[in-house]
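In case you want the letters, here they are:
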Amino acid sequence: APNDATFKLDKAQYRQCKQYLRPLRRSLRANDISPDIISSLARIANLCEKRHYKAMQEAYMRLAIGNKPWPMGVTFVTFHDRANRHKIGEGQVAHVLDDETTRKYVQMVKRLCSFCETRWPIDPTTEM
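It should be emphasised that the depicted structure is a prediction, and the values quoted were computed from it without experimental measurement.

Turning to the pattern of salt bridges, a few remarks are in order. One pass over the structure, following the stated rule, counts one salt bridge. Glu 100 is the salt-bridge partner of Arg 103, the closest N and O atoms lying 2.5 Å from each other. With Arg 103 and Glu 100 both in helix H4 (residues 100-119) and three residues apart, this pair spans about one turn of that helix. Arg 103 sits in the partly exposed class, given a relative accessible area of 23%.

So this is what it looks like as structure tokens:
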């Protein structure tokens, strides 16, 4: 079949998505998840359902990296910086992507949102 490779890729992405979302579903069932993450996920799902994709992307970014600005100089270390300078301010920027499991399911939420954008596109003239 001409679309055999595409089908295999889609199937692999589906399986990965299902696998990476498993810890999220488990945490939701056990009520072992931060209310902030739940409200962010609910907001993203609600915006996605209403096809407000631009607002959904902004909500996703707030969930993924938070609202805190990145401290200057912490993420960039030059050759001439003093030893261990890269550790200054370490741990002060807390967001959900610090945890590997959470990072995986947050990325899968983004993949699902992208699927929604492709599957149920909107008229670009109505997007605010």
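Glancing now at the side chain of Ser 27. Checked against the element boundaries, Ser 27 lands in helix H1 (residues 4-29). With relative accessibility at 18%, the residue Ser 27 sits in the buried group. Not counting chain neighbours up to four residues away, the residues in contact with Ser 27 comprise Asp 32 and Ile 33.

This part is about the confidence of the model for the protein chain. Looking at the protein chain, the pLDDT average stands at 78 and 70% of residues meet or exceed 70. Looking at the elements of the protein chain, mean pLDDT is at its lowest for H4, recorded as 89, and at its highest for helix H2 (residues 35-49), recorded as 92. In this model residues 84-94 is a low-confidence stretch, pLDDT under 50, and it forms nine contacts with partners more than four residues away in sequence or in other chains.

Turning to the packing of aromatic side chains, a few remarks are in order. How two aromatic rings sit relative to each other is set out by the distance from centre to centre and by the angle between their planes. Tallying each qualifying case throughout the model produces one aromatic pair. Over the face of the ring belonging to Tyr 60 we find Lys 110, whose NZ or CZ atom lies 5.8 Å from the ring centre.

Looking now at the packing of H1 against H4. Packing of H1 against H4 brings their axes to within 8 Å, and their N-to-C directions diverge by 130 degrees. Judged by the angle between their axes, H1 and H4 are oblique. In this structure, H1 meets H4 at a crossing whose hand is left-handed. When H1 is examined against H4, the residues Gln 13, Gln 16, Cys 17, Tyr 20, Leu 21, Pro 23 and Leu 24 are found in contact with a partner set consisting of Thr 101, Lys 104, Tyr 105, Met 108, Val 109, Arg 111 and Leu 112. The class makeup of the residues in the contact of H1 with H4 is nine nonpolar, three polar and two charged.

Analysis parameters
Residues numbered from 1 in each chain as written. Predicted model: local features only at pLDDT ≥ 70, side-chain atom pairs only at ≥ 80, totals over all residues. Heavy atoms only, no water. Salt bridge = Lys/Arg side-chain N within 4 Å of Asp/Glu carboxyl O. Helix = DSSP H or I, 4+ residues; strand = E, 2+ residues; numbered from the N terminus. Buried < 20%, exposed > 50% of the residue type's maximum accessible area, 1.4 Å probe, protein only. Contact = heavy atoms within 4.5 Å. pLDDT = per-residue confidence, 0-100. Phe/Tyr/Trp six-rings, centres within 6.5 Å; stacked < 30°, edge-to-face > 60°. Lys NZ or Arg CZ within 6 Å of the ring centre and 35° of its normal. Axes fitted to C-alpha atoms, helices over the stretch in contact; angles between N-to-C directions. Parallel < 35°, antiparallel > 145°, perpendicular 65-115°, else oblique. Left-handed = near helix turned anticlockwise from the far one by under 90°. Nonpolar A, V, L, I, M, F, W, Y, C, P; charged D, E, K, R; others polar.

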